[in-house]
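Residue strings, one per chain:
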Amino acid sequence: MFIRKPSLSCRESEVTSESVYFGRRRFIRAIASSAAMASLAPPLRAQPEDYPEAAGPVPSWLRERLTGVQRTISASDGDAVTPFSDATTYNNFYEFGPDKGDPARHAPKMSVAPWTVQVDGEVARPGTLSLDDLLPTSGLEERIYRLRCVEAWSMVIPWLGIPLSGLIKRFEPLSSAKYVRFETAVMPDVMPGVRSNFALIDWPYVEGLRLDEAVHPLAFLAVGMYGRELPNQNGAPLRLVVPWKYGFKSIKSIVRISFVREQPRTTWQSLAPSEYGFYANVNPAVSHPRWSQATERRLPSGLFSPGIRDTLLFNGYADQVAGLYRGMDLRRNY
Ligand SMILES: Nc1nc2c(c(=O)[nH]1)N[C@H]1C(S)=C(S)[C@@H](COP(=O)(O)O)O[C@H]1N2
Ligand SMILES: [Mo]
């Protein structure tokens, strides 16, 4: 998978991923411009007013970064943005309980300010960073991505945030860093799922990416959605969004980012290795042992409009990401 080439800017960082990253920048520009043309609107700006249903105060750390937000990736035809009310009441966030309504019920009690993220492992610049340290003072992007859960439902969500690659470059990963491991906060006081004796999950929730996946231009770190901060149930104050992978890879409420040599043991893979793999790339041809992945239910769905549609390879992002997996058996590396 790794193509050896000298890196452009940070000598100590993983050479391959850097070259992949720079090679693909042209790609993202192409996506951005075709998306802009499709909607016939020159420089797209995303503002809270675009989403009136998502009312609520905007915290100061976000407000000062909202001017000039560019919508760099838009929804495609037929991908209407999911209503805010569905995206915020039908959630998976097992720390708050196993039912879809549990996160909305319990997560508002989680306190997300102040928030810090520990950066450690194989990096030249480890540290503990606040949200303010992590985010650029301007230049947040809006990206409207499809989110496909392994449970065969999907949504379309307008995220606000930054490409993960820029942040990773700042930490200066060493050449020994092959994977990035992410950890969610563990707050037993406000997380009934963490307190429960019945939860099978060994907290914290852990996810991971290969370094070249993590610096792919589509990998995104969201701090908001629908023009505002993330609701707690959606992973405030910052979460990963990896649109070509099943939703469980998009880990919420991140408190730790570690650069590691070995493939990390991730939560769902540890729970049921035959059902959930490390890669978890959306793939209609590879069934879950207990259900097909060929189709999905686009939410909100009901009896009279079930919204069933075909699932697309890499969730429709194959043109951009298939190269990451060239030569790999996607059936074995599910
Ligand atoms: N920490 C944590 N992150 C998580 C989960 C979780 O249970 N805990 N669930 C995942 C799953 S299965 C999905 S489908 C998405 C759902 O994101 P959403 O609720 O914002 O739609 O979050 C992912 N991130
Ligand atoms: Mo999911």
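Please read all numbers here as calculations on a predicted model, not as lab measurements.

Engineer: Explain the confidence of the model for the chain to me, and be specific about the residues and the numbers.
Structural biologist: For the chain, mean pLDDT is 88; residues scoring 70 or higher make up 87% of the total. A low-confidence stretch, residues 1-43 (pLDDT under 50), is modelled with 65 contacts involving residues beyond four sequence positions or located in other chains.

Engineer: Go over the packing of aromatic side chains, please, and point to the residues and values.
Structural biologist: Under the definition given, this model contains 14 aromatic pairs. Consider the rings of Phe171 and Phe259, whose centres lie 6.1 Å apart with planes at 75 degrees: the pair is edge-to-face. Residue Phe171 is found in helix α6 (residues 164-171), and its partner Phe259 is found in strand β11 (residues 254-260); the two are separated by 88 residues along the sequence. Both residues of the pair, Phe171 and Phe259, belong to the buried class. Here Tyr279 and Tyr325 contribute two aromatic rings whose centre-to-centre distance is 6.0 Å and whose plane-to-plane angle is 85 degrees, an arrangement assigned as edge-to-face. Taken together, the positions of Tyr279 in the loop between α9 (267-271) and β12 (295-298) and Tyr325 in the segment after α10 (318-321) put the pair 46 residues apart, joining distant regions of the chain. Judged on exposure class, the residue Tyr279 and its partner Tyr325 are both buried. The structure contains a cluster of three or more aromatic residues connected by ring pairs, namely Tyr179, Phe278, Tyr279, Phe314 and Tyr325.

Engineer: Can you explain the side chain of Arg298? Please cite residues and give values.
Structural biologist: Relative to the helices and strands, Arg298 resides in strand β12. With a relative accessible area of 9%, Arg298 lands in the buried category. A polar contact is formed between the side chain of Arg298 and the side chain of Asp79, at a distance of 2.8 Å. Apart from residues lying up to four places away in sequence, Arg298 is in contact with Gly78, Asp79, Arg146, Ser154, Met155, Val156, Pro306, Gly307 and Arg309.

Engineer: Talk me through unusual backbone geometry; I want residue IDs and the actual numbers.
Structural biologist: Following Ala113, the chain continues to Pro114 via a peptide bond in cis, the omega torsion being 0 degrees. In this fold, Pro114 is placed in the loop between α4 (102-106) and β2 (116-121). Note the cis peptide between Leu299 and Pro300, where omega equals -5 degrees. Tracing the backbone shows Pro300 in the loop between β12 and β13 (308-310). Look at Ser253: it is not a glycine, yet its phi comes out positive at around 40 degrees. Its identity as a non-glycine residue notwithstanding, Phe314 has a phi of 50 degrees, on the positive side. Tracing the sequence through the fold places Phe314 in the loop between β13 and α10. By relative accessible area, which is 3% here, Phe314 ends up buried.

Rules used in this analysis
- Residues numbered from 1 in each chain as written.
- Chains lettered and ligands numbered in written order.
- Predicted model: local features only at pLDDT ≥ 70, side-chain atom pairs only at ≥ 80, totals over all residues.
- Heavy atoms only, no water.
- pLDDT = per-residue confidence, 0-100.
- Contact = heavy atoms within 4.5 Å.
- Phe/Tyr/Trp six-rings, centres within 6.5 Å; stacked < 30°, edge-to-face > 60°.
- Helix = DSSP H or I, 4+ residues; strand = E, 2+ residues; numbered from the N terminus.
- Buried < 20%, exposed > 50% of the residue type's maximum accessible area, 1.4 Å probe, protein only.
- Polar contact = N/O pair within 3.5 Å; in protein donor to acceptor, adjacent residues only side chain to side chain.

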